[in-house]
Amino acid sequence: NAGVTQTPKFRVLKTGQSMTLLCAQDMNHEYMYWYRQDPGMGLRLIHYSVGEGTTAKGEVPDGYNVSRLKKQNFLLGLESAAPSQTSVYFCASRPQQGAVHEQYFGPGTRLTVT
Amino acid sequence: GEDVEQSLFLSVREGDSSVINCTYTDSSSTYLYWYKQEPGAGLQLLTYIFSNMDMKQDQRLTVLLNKKDKHLSLRIADTQTGDSAIYFCAEVMNTGFQKLVFGTGTRLLVSP
């Protein structure tokens, strides 16, 4: 099992450009999450999904969109990137029957917006 | 608010004990957690404590919980260079959907 993988690992964008971050998991987990991590701050939840075809907003959803067309994939989109979106983005997944702390994290995507 | 606070940095020598502190916000949290993030990697659950416990020991790790002061600590005995990482405490927020609220993270540097 590869676990949770994220693509790409690094990316530099110019302000106003768009991009999609891909998260894939091969553990058949129902729940998936996107977080951002900024210096001196903990991980903050952007969006999450409780199953294929469902998405919901977390605590910092503005400027991001998500889609969960397939159970194994959770996509995070930036339509018009801003410097404030410079961050490290982590995806996580967990089984529906598991506890909230049983999240498996991906290795992260470091995004810089200039 | 949802601020879970930690000191930003801790430096110790190999073999010493490390104590990482955390102040959380939600007194109804059933569990409190410690996660470890190694360089270039995602978070991994290190240990956790149930809210009706004061202390939990797991090999070199000791978790202390003071519910009255909403204070959580992680003690690492005989700290090794491999323990160098960022440590996050986390609590559970129940706002219709259970989610983890992470602390600001403490970077532990262990020198030989």
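Residues numbered from 1 in each chain as written. Chains lettered and ligands numbered in written order. Predicted model: local features only at pLDDT ≥ 70, side-chain atom pairs only at ≥ 80, totals over all residues. Heavy atoms only, no water.

Draft legend 1. Layout of the sheet that holds strand E8 (residues 73-78) of chain A. Residues and elements named next belong to chain A. Reading across from one edge, E1-E3-E8-E7 is the order of the four strands in this open sheet, with antiparallel pairing throughout. Each edge of the open sheet is held by one strand with a lone partner, namely strand E1 (4-7) and strand E7 (65-67). Taken over all neighbouring pairs, the strand axes of this sheet differ in orientation by 20 degrees on average, direction set aside. Across three bridges, E7 lies against E8 in antiparallel orientation. (Pairing = 2+ DSSP bridges. Helix = DSSP H or I, 4+ residues; strand = E, 2+ residues; numbered from the N terminus. Axes fitted to C-alpha atoms, helices over the stretch in contact; angles between N-to-C directions.)

Draft legend 2. Focus on the pattern of salt bridges. All chains considered together, the criterion is met by six salt bridges over all chains. The salt bridge partner of Glu30 of chain A is Lys71 of chain A, with a shortest N-O separation of 3.6 Å. One end of the pair, Glu30 of chain A, is in the loop between strand E3 (19-25) and strand E4 (31-37); the other, Lys71 of chain A, is in the loop between E7 and E8, and 41 residues separate them in sequence. Judged by relative accessible area, Lys71 of chain A falls into the partly exposed class, the value being 23%. Linking Lys36 of chain B and Glu38 of chain B is a salt bridge whose minimum nitrogen-to-oxygen distance equals 3.1 Å. The class of Lys36 of chain B is buried, set by a relative accessible area of 13%. Take Glu38 of chain B: its relative accessible area is 37%, and that puts it in the partly exposed class. Residues joined in a network through salt bridges with shared partners are Arg36, Asp38 and Arg44 of chain A. (Salt bridge = Lys/Arg side-chain N within 4 Å of Asp/Glu carboxyl O. Buried < 20%, exposed > 50% of the residue type's maximum accessible area, 1.4 Å probe, protein only.)

Coordinates in, geometry out; function isn't part of it.
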